[in-house]
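# Analysis of the macromolecular model
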Amino acid sequence: LVLLYTGLHFGGLFYRERRRRTIAQKAVARLSAERESHQRAIIQNSDVGLVNLNAEFEPLFFNEQARNLFQLSDRDSVCHPSELITPWDPGKAGMGSCRAEGVRSGGDRFPILYTLNPIRVGDQDEFILTVQDITELTEAQQALQKINKVLEQRVTERTRDLENAQAALAQNQKLAAL
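Everything quoted here is computed from the prediction, not taken from an experiment. (Residues numbered from 1 in each chain as written. Predicted model: local features only at pLDDT ≥ 70, side-chain atom pairs only at ≥ 80, totals over all residues. Heavy atoms only, no water.)

## What about the side chain of Glu 126?
Within the fold, Glu 126 resides in strand β6 (residues 124-133). Polar contacts involving the side chain of Glu 126 include one to the side chain of Asn 52, which spans 3.2 Å. Excluding its chain neighbours within four sequence positions, the residues that come into contact with Glu 126 are Asn 52, Leu 53, Asn 54, Leu 60, Asn 117, Pro 118, Ile 119 and Val 121. (Helix = DSSP H or I, 4+ residues; strand = E, 2+ residues; numbered from the N terminus. Polar contact = N/O pair within 3.5 Å; in protein donor to acceptor, adjacent residues only side chain to side chain. Contact = heavy atoms within 4.5 Å.)

## Remarks on the sheet that holds strand β3 (residues 85-86)
Judged by pairing direction, the sheet is antiparallel, and its 6 strands sit side by side in the order β2-β1-β6-β5-β4-β3 without closing on themselves. Strands at the two margins of the open sheet, each flanked by one partner only, are β2 (59-62) and β3. In terms of strand pairing, strand β5 (residues 109-121) meets β6 through 10 bridges, oriented antiparallel. Note that in β6 the partner of Tyr 114 across the bridge is Val 131. (Pairing = 2+ DSSP bridges.)

## Details of the confidence of the model for the protein
Per-residue confidence for the protein gives a mean pLDDT of 89; residues scoring 70 or more make up 98%. Mean pLDDT per element in the protein: β2 is the minimum at 88, and helix α4 (residues 135-177) is the maximum at 93. (pLDDT = per-residue confidence, 0-100.)

## Observations regarding the nonpolar core
Formed by 21 residues in total, the largest nonpolar core has its most connected members in Leu 53, Phe 70, Ile 85, Trp 88, Tyr 114, Leu 129 and Val 131. Contributions of two or more residues to this core are made by β1 (49-53), α2 (64-70), β4 (97-103), β5 and β6. Once you skip the residues sitting within four places of it in the chain, Leu 129 turns out to touch Gly 49, Leu 50, Val 51, Leu 53, Pro 81, Ile 85, Trp 88, Tyr 114, Thr 115 and Leu 116. (Core = buried A, V, L, I, M, F, W, Y, C linked by side-chain atoms within 4.5 Å. Buried < 20%, exposed > 50% of the residue type's maximum accessible area, 1.4 Å probe, protein only.)

## Some details on the layout of surface pockets
Of the pockets and cavities examined, the largest pocket occupies roughly 380 Å³. If you trace the largest pocket, you find it lined by Arg 35, Glu 36, Gln 39, Arg 40, Ile 43, Leu 50, Asn 52, Phe 61, Ile 119, Val 121, Glu 126 and Ile 128. Elements with a minimum of two residues in the lining of the largest pocket: α1 (2-44), β1, β5 and β6. Top contributing element to the lining of the largest pocket by residue count: α1, with 5 residues. Across the lining of the largest pocket, the residue classes break down as 6 nonpolar, 2 polar and 4 charged. (1 Å grid on protein atoms, 1.4 Å probe; cavity = no way out; pocket = protein on both sides within 12 Å on 5 of 7 lines; lining within 4 Å. Points joined across faces, edges and corners; volume = space filled by probe spheres on them. Nonpolar A, V, L, I, M, F, W, Y, C, P; charged D, E, K, R; others polar.)

## Some words on the packing of aromatic side chains
Applying the stated rule across the entire model yields 4 aromatic pairs. Aromatic rings pair up to connect Phe 57, Trp 88, Tyr 114 and Phe 127 into one cluster. Here the guanidinium or amino end of Arg 104 rests over the ring plane of Phe 110, the centre of that ring lying 3.9 Å away. (Phe/Tyr/Trp six-rings, centres within 6.5 Å; stacked < 30°, edge-to-face > 60°. Lys NZ or Arg CZ within 6 Å of the ring centre and 35° of its normal.)

Okay, here's the thing in structure tokens:
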């Protein structure tokens, strides 16, 4: 009887421990899935194009913004960055932003700023490529440069007019003195 009671007691403890472990594993799986879903939402809703590349710089994932920037369809996800970015320089990984041109699937070119950073995923080396369309910024810079040139021309003209007026005034003063 004591042996039966001890066996039932250990059986109950074993069942309870197994049940706790199963509940804990489900909780960890749920939290992991929530975290992954949260990360995916952040990546998909980012204002910059994000491309995950393997160690050979082949694309693993394009976020929605990157697909829109380069006008890629689902079947274009095998595009190598050298087809999308000119000039493409993987040697600048981890060295900050690079200015280049993006190439859309139709061949249109647009100014971009890209950053290539190494990341470690488990035991694999990968890269994250961030791409920003700087068309508006480039157009604003060009407009500002154009306005600056016009202002410099006006200053040069006004300076020349002022010098001519000063020379004429000096001549008039000499004539008046005579």
